Amino acid sequence: MYLDTMSHCLALLVLPIALIFTIPSPPSIIRQADKEIIFDPRINIEIPCVAKGDPPPKYTWTRDKRIYDPSAQNNRVAMKSNAGTLIITNPTAADQGWYQCNATNQYGTALSFTTRLRMAELSQFPYSSRSKVVRARRGDWVILDCTPPTGVPDPYIYWSVVGDSDRDQFGTITVSARVTQDYYGKLYILNVEDEDEKDKRPYACNAYSRRLLLLNQGELTVLEVEKVSPTNKAPVKLWTSEQNRVFLLGHEMRLKCIFGGRPTPQVLWRKIDGTLPTDGRFSTDSEGQELVIRSVKFSDAGTYECRGSNELGMALASIQVVIESEPYWIERPDDENVGVGEDVSFVCDADGRPAPNKVDWYVNGDPIQSEFLQSNPRISINNKVLDVTNVEMSDTCVFACNVTNKHGYAWSNFYLNVLSEPPEIQEPPDNETKVVEGESVEIKCVTFGAPRPQIFWKRNNQLITGGRFSIRPDGTLFLSSSTVADSGIYECIATNKYGTVSAKGMLSVKQKTVLQTKPNNQEMKVGSFVIFRCTAKADIGLTHLIDWLKDGHPISYTGRFIKDSWDQDTLKITDLQFEDGGTYTCVARTEVDEVRADATLVVQDRPNRPRIDSVMCTSGSSKNGIEPKVKIDWSSGGENNAKILHYILQYNTSFASTEWFDVIVKGQKEVSASVENSTDDEITRLTLVRRFEHFETEKIPGTQSDLTFSLSCWANYTFRIKAVNRLGDSDPSEIATTSCYTNPCRPARHPLGVRAFGNQSDNMIITWNLMPKIDWNAPLFWYQVEYRQARKENEPFNQRIHEWTRIKVPADQNYVVIRDTPTYTEYEFYVKAYNQQAGDGVSGEATEIATLHHGFSGEDKPAIIPQNFAMEETYDHRTAKFKWDPITIEQASDPNNGMRGRLAGFLIQFFKVSGNINGQSEMKTHKVEGNVSETIIDNLPPFSTVRLQIAALNDRYQGEFSAPISIMTMEGVPGPVVNLQGIPFGSSGVKLNWEEPEEPNGIIIGYEILFQEISNTAEPPGLVQPPIVIKSRYELNRIVTGLLPNQKYRFTVLAKTAKGVSIDPNFVEVITSSAEKPSQTNFQVISTFEDGFNLTWSTNNQVNAASLFYVKYKKTDDVAAPWLRTALTTDNFLSLTDLESGTRYSVVLVATTGTEHNSLETESNVEVLKTAGKARISKNVATEPWFIGMMVSVILLIIILINVCILVRERGGKYSVQEKEPFQNQMLASESQGFDEYEKGPGDGGMANQNLVTGPSNMYFDEKQYHDEDDSMAEYGNGENGKFNEDGSFIGLYGRDRIQTYVVQYNQGQNQNESENPGSSKPYTSFV
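In this report, the structure presented in the accompanying data block is examined. This structure is a prediction, so every number in the text was calculated from the model and none was measured.

For the protein, the count of helices and strands is seven helices and 99 strands. Taking the intrachain contacts of the protein between residues at least 6 apart in sequence as the baseline, contacts between residues at least 24 apart amount to 68%. Surface exposure of the protein reaches about 71100 Å², of which carbon and sulfur atoms provide 48%.

Below you can see the structure in the form of structure tokens.
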């Protein structure tokens, strides 16, 4: 029989479903039931079973390993057409059992899982005719028993309060840190409170079947609470999970520990021999009492410890956890398609805990016995491996293997299909496969053939072998860690003995998408807005989109969730709500990859308003000595994602019904702890000494939910409470419905703020703070003042002044005036609070012991004048030490010539009489406290004559001043300069202006300028450059050049005296102008005169306004005239002078960035201007008779000289011109070098150390130094008389005078004294 069965075996490896129905194959189960089904008898049952194969398989079933005929079940059971799925209607308990589906065709039989069918049920609680009563005291723990019924599946057990309409629809008691239950249904109250009594309504244990939706209620229990004062208790272990627990791999693990105690213990968990999971599988429930680990792993095995702790101690418990598992596959056999003559192996490898002992093998649903192997020698089994060698067509069949342990089994069908087919590519490579670099990629090539085709791959016609490439059994090419170089044309080639086929496709490897900006975690308030930003960069050939998820779900960009169309990378959420909190994921997605980044949004707000649950008042009794008190219980309304830090309990009374006051609580905190040792009988003992500090506060800890405190008598109280977290206070709770009224009693205290003073020399005023009505404690209230004159030592008793005097003061008055007192005399006195209860004729003094106070009557003007006031020592220009004779006690207490009050100190008055510097005389004072005889004054005017005088002080009056003394203070360093300003001077300079210090403290002899680069606020300034020294006190500005454009500089100007420079100087920070070409600036002529013009211009509304200007000009009618230029200026006006009258000039205003050769300049439009007056007219001498006669004479003279020379030469004489020619040639060569585009005019040059030194003011001129700039005929004419007429004769040196202008340039980093030594500068020169 086995040989016939083997003739039908055929396997297909990863074969598409479309192919199964075109090629004969054995059956294969593709859908089957779970291993267990629990059914509700009111609902039909469906047990699925679907298989594939060709021809289509037929189905049969077994139940409890016996053949099961659905048609024989009274028409209650039917099987779906074209499938083996069973449908059972009106199921009953008789339908329970173990079901298995068989799918069979001519090539073999496949079996499904074995499914256990169970009917759901829920049994009843044990019957009880009456409620059970449990008694417990306040603060103790109590356990309410429950014996839950059995059920399938296990019922859900919970507790409720019968008749509690405030609870949910099931009446469930909310589990909290104080009220919880164990896994067997018992209810634990860890510290009993009055509210647990539930107004004597009974507690009920309930069992609920989630499958049947059925609820059974158990025995009722009434809890009675004994109203005793609760005491705090250290934690005690009440219940824990079993000490040894076994959990199955992949299931959920729950461990629980319950500790009793007061305050309620806090439960913490740890793993003793490891750490708790950090991959998100770990959490706690039931206020930390229950540890939950989802999808447990073998590594979760170990010992877990729970610790319950409160302020009195802690308790521990440990639980040993073992992780076991059902069998699970390590290598599962697959269907195989093979050709005749091939060998095939099936591996059935599974593991579990405990480990399975063996593998059971099946063929066509029957176990493989040794007889089968003996009759089929080509088939062999080696535990986990089944081998078939040299397969034949008759070997087609379905195999199965089964692996079991005590927790379950692993079952797998697989078939062997023997065919003879040429190769065929069922799924060729895609035309283009895209992948990002670094990722793995598969290029599909699903083939079929028998025998199995051999697969080859080529890339760009090159055979692929090994490395990062591998070929899957189905022919797919796998490439790991792809690179851009892997891109190309790939060809799949399939071949067997019956033929060869191939197919091609392209692989494109793209750059990986990366996130450039990731969203940040944020904590925000309700009502605010939040912005998440996420940017990405993708391959140039791909398009990426940014999308957002919240808690893993796509966001709809509507309403408050905004994704701007112009900024796709930003998510904005407005008007934040609590439900907006969660995890937001940025997804940058292309067609081939995506990258994600998470950010957590926590939405916080002020706490919800808390709730006052109960108010219990004790009115008090003065006769019985019972103090009025109140106990208030409250509960939180919700912390809104920000932990409640503390509560503030408030009250108001009928005395101030609209004003709320905070309840003040007292506490103590440990401030130090030390170990002290002591020796007793040669035994050293160590003692821990702890020191505590008492404090008062209105803040009640956020973990506290009740407070007991004292009330005042004779008051009507109402209460409310607020919760506070880091975002602020909650709204106050609703006012408690219960008010507290307290009975009258004696005042608890006397007035505060008591003091005595005199406002005249013959009285004493005693004052105190009025006590609010809340402190009266009765309707009739007053004050009593008792006073007498204090007795001095050894003073005899005088009844008139030493007997107590008593004054009754009404409740609305807070002072008394005692008149006719001696001047500054000590008194002792009491201020007491009294009241009288209604109907009681006896008055009562406050219960607090009254405090004896001391005070003095009024003071008078001191009669003492300090003697021998003088300066003892000088320290510096402002500081000196002064002394005077001390005042003795006898002198001070003299009633006529003494202080006439308490010696409070001395007052020194001083002012500057004259000085060597300018300055106003200002009266100053120096106060000295106490009876001393010397002091140091540190604010004297420097370098001045100062006059000082001293007087004695008591608490009300100042005595007469002593005779004045005069001193001379030393010269000191000056104060800071004032009005320091810096103005950009082109792109490379800054002009500094300042004024002399208001406190020169001596004679100013000059200034120093320091400067340094400033990069930004996060970096320290650059190196300080060497100082620029100015040796004149009158030079109050300076231009600093050679700076970098568009750079921030800090300039410090220090004034200087003979004692040094300012120690607290001012500085200014200036940014130099950018090196951009200035805007064009045109000028206007405001006045014209004979030798020049006054020009002005404006830079308002210019984009790149210049700060430096100069004017260039030339004679308009003289084509050969050079351009001349003025000096640079920062002003918006200029006087162009020293011009010829009645002459036209071409004038251009030049805006420039600086004095450097590479400075940027912009010229204005050329304006032609004419000076006032008449032009000089030169006569034409060529037409004058005298000139014609002179020229004829000269010509005749020349002819005569030529003749004389010829005669001399003929006689042998020599006329030496050789010596003259070289010199003339040299001169001609020097003069032929030409001119620049224009020559520099008056005042041209760079920037001086302080100001631009400009022409045309007459400066020094060295004619030899500038001889090379003279005209070639300068030696023949000079001045006005040296000019020739327009007939070509020499006209002079381009103008009336030759005037030098220059600029002394500052070189950065060098000490500059050029203003003292102009000869060391290098002036730019020009002549006009």
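On we go from here.
The next point concerns the side chain of Ser962. As for its position among the elements, Ser962 is in the loop between strand E82 (944-953) and strand E83 (965-968). In this structure, Ser962 is in contact with Ile865, Pro866, Phe869, Gln949 and Ile950, ignoring residues within four places of it in sequence.

This structure, assessed with the given rule, holds eight disulfides. The side chain of Cys445 participates in a disulfide bridge whose partner is Cys492; the two sulfur atoms lie 1.9 Å from each other. Judged by the sign of its S-S torsion, about -75 degrees, the bond between Cys445 and Cys492 is left-handed. Taken together, the positions of Cys445 in the loop between strand E40 (441-443) and strand E41 (446-450) and Cys492 in strand E46 (residues 488-496) put the pair 47 residues apart, joining distant regions of the chain. What makes Cys445 buried here is its relative accessible area of 0%. Of the residues examined, Cys492 reaches a relative accessible area of 0% and is grouped as buried. Across the disulfide, Cys534 is cross-linked to Cys586 (sulfur-sulfur distance 1.9 Å). Its S-S torsion of about -70 degrees marks the bond between Cys534 and Cys586 as left-handed, since a negative value means left-handed. In this pair, Cys534 is assigned in the loop between strand E50 (530-533) and strand E51 (535-537) and Cys586 in strand E56 (residues 582-589), connecting sequence segments 52 residues apart.

Across the sheet, three strands lie side by side as E84-E85-E88; this open sheet has antiparallel pairing. In the strand order of this sheet, the two ends are held by strand E84 (978-984) and strand E88 (1037-1040), each with one partner. Going from strand to strand, the sheet's axes swing by 15 degrees on average, the running direction of each strand aside. Here E84 pairs with strand E85 (residues 990-995) via five bridges, running antiparallel. When the bridges of E85 are listed, Pro984 appears paired with Val990.

Taken together, four strands build an open sheet; the order of strands is E21-E23-E26-E25 and the sheet is antiparallel. The sheet terminates laterally at strand E21 (233-240) and strand E25 (282-285), the two strands that pair on one side only. When strand polarity is set aside, the average angle formed by the axes of neighbouring strands in this sheet is 25 degrees. Here E25 pairs with strand E26 (residues 290-293) via four bridges, running antiparallel. Residue Asp285 lies in a different strand from E26, and its bridge partner there is Glu290.

Attention now moves to the nonpolar core. Judged by nonpolar contacts, the single largest core of 23 residues is most densely connected at Ile632, Phe709 and Phe719. Counting residues per element, the ones that place at least two in this core are strand E58 (611-618), strand E59 (629-635), strand E60 (646-653), strand E65 (706-710) and strand E66 (716-725). Looking at this core, the element that brings in the most residues is E66, giving four residues. Beyond its immediate sequence surroundings of up to four residues, Ile632 is in contact with Ile612, Ser614, Val615, Leu649, Ser705, Asp706, Leu707, Phe709 and Phe719.

For Arg611, the position within the fold is in strand E58. Sequence spacing of Arg611 and Lys722 is 111 residues, and the spatial spacing of their C-alpha atoms is 8.9 Å. Setting aside anything within four residues of it in sequence, one finds Arg611 in contact with Asp633, Trp634 and Ser635. At 3.2 Å, the side chain of Arg611 and the side chain of Asp613 are in polar contact. Here the side chain of Arg611 touches Ser635 through a polar contact of 2.8 Å, side chain to side chain.

Bringing the side chain of Asp349 into the picture now. Mapped onto the secondary structure, Asp349 falls in strand E31 (residues 349-353). Its relative accessible area of 17% is what places Asp349 among the buried residues. Within polar-contact distance, the side chain of Asp349 engages the side chain of Lys384 at 3.0 Å. Residues contacting Asp349, with those up to four places away along its chain left out, are Trp329, Ile330, Glu331 and Lys384.

The subject of this paragraph is the pairing of strand E74 (residues 826-836). With nine of its eleven residues buried, E74 lies for the most part within the structure. The pairing of E74 with strand E76 (residues 853-856) spans four bridges and is classified as antiparallel. Looking at E76, one finds that Tyr827 is bridged to Gly855. Bridge count for E74 against strand E75 (residues 844-845) is two bridges, and the pairing is antiparallel. Bridge pairing in E75 links Asn835 to Gly844.

A few words on the packing of aromatic side chains. Summed over the entire model, instances satisfying the criterion amount to 36 aromatic pairs. On the basis of an interplanar angle of 5 degrees and a centroid distance of 5.1 Å, the ring pair of Trp776 and Phe781 is categorised as stacked. The class for Trp776 is buried, based on a relative accessible area of 13%. Following the ring pairs from residue to residue traces out a cluster consisting of Tyr651, Phe661, Phe709, Tyr717 and Phe719. In this structure, Lys35 is placed above the aromatic ring of Phe113, and the distance from its NZ or CZ to the ring centre is 5.4 Å. Seen from the ring of Tyr1110, Arg1125 lies directly overhead, with NZ or CZ sitting 4.0 Å from the centre.

Our next topic: the environment of Leu238. Following the sequence through the fold, Leu238 ends up in strand E21. On a C-alpha basis, the gap between Leu238 and Asp182 in space is 9.9 Å, while along the polypeptide they are 56 residues apart. Look past the residues within four positions of Leu238 in its chain and what remains in contact with it is Trp141, Tyr188, Leu190, Ile258, Phe259 and Gly260.

This model, assessed by the stated rule, comprises 61 salt bridges. Arg135 is the salt-bridge partner of Glu224, the closest N and O atoms lying 3.0 Å from each other. On the criterion of sequence distance, the pair formed by Glu224 in strand E20 (residues 214-226) and Arg135 in strand E13 (residues 132-137) is long-range, its members being 89 residues apart. Assessed through its relative accessible area of 56%, Arg135 is described here as exposed. Here Glu845 ties to Lys832 by a salt bridge, and the two come within 4.0 Å at their closest N and O atoms. Taken together, the positions of Glu845 in strand E75 and Lys832 in strand E74 put the pair 13 residues apart, joining distant regions of the chain. You can call Glu845 partly exposed: its relative accessible area is 24%. Among the charged side chains, a network of salt bridges with common partners joins Arg178, Glu193, Glu195 and Asp196.

So, how was this worked out
Residues numbered from 1 in each chain as written. Predicted model: local features only at pLDDT ≥ 70, side-chain atom pairs only at ≥ 80, totals over all residues. Heavy atoms only, no water. Helix = DSSP H or I, 4+ residues; strand = E, 2+ residues; numbered from the N terminus. Contact = heavy atoms within 4.5 Å. Areas by Shrake-Rupley, 256 points an atom, 1.4 Å probe, with all protein chains shown as cover. Disulfide = S-S within 2.5 Å. Buried < 20%, exposed > 50% of the residue type's maximum accessible area, 1.4 Å probe, protein only. Pairing = 2+ DSSP bridges. Axes fitted to C-alpha atoms, helices over the stretch in contact; angles between N-to-C directions. Core = buried A, V, L, I, M, F, W, Y, C linked by side-chain atoms within 4.5 Å. Polar contact = N/O pair within 3.5 Å; in protein donor to acceptor, adjacent residues only side chain to side chain. Phe/Tyr/Trp six-rings, centres within 6.5 Å; stacked < 30°, edge-to-face > 60°. Lys NZ or Arg CZ within 6 Å of the ring centre and 35° of its normal. Salt bridge = Lys/Arg side-chain N within 4 Å of Asp/Glu carboxyl O.

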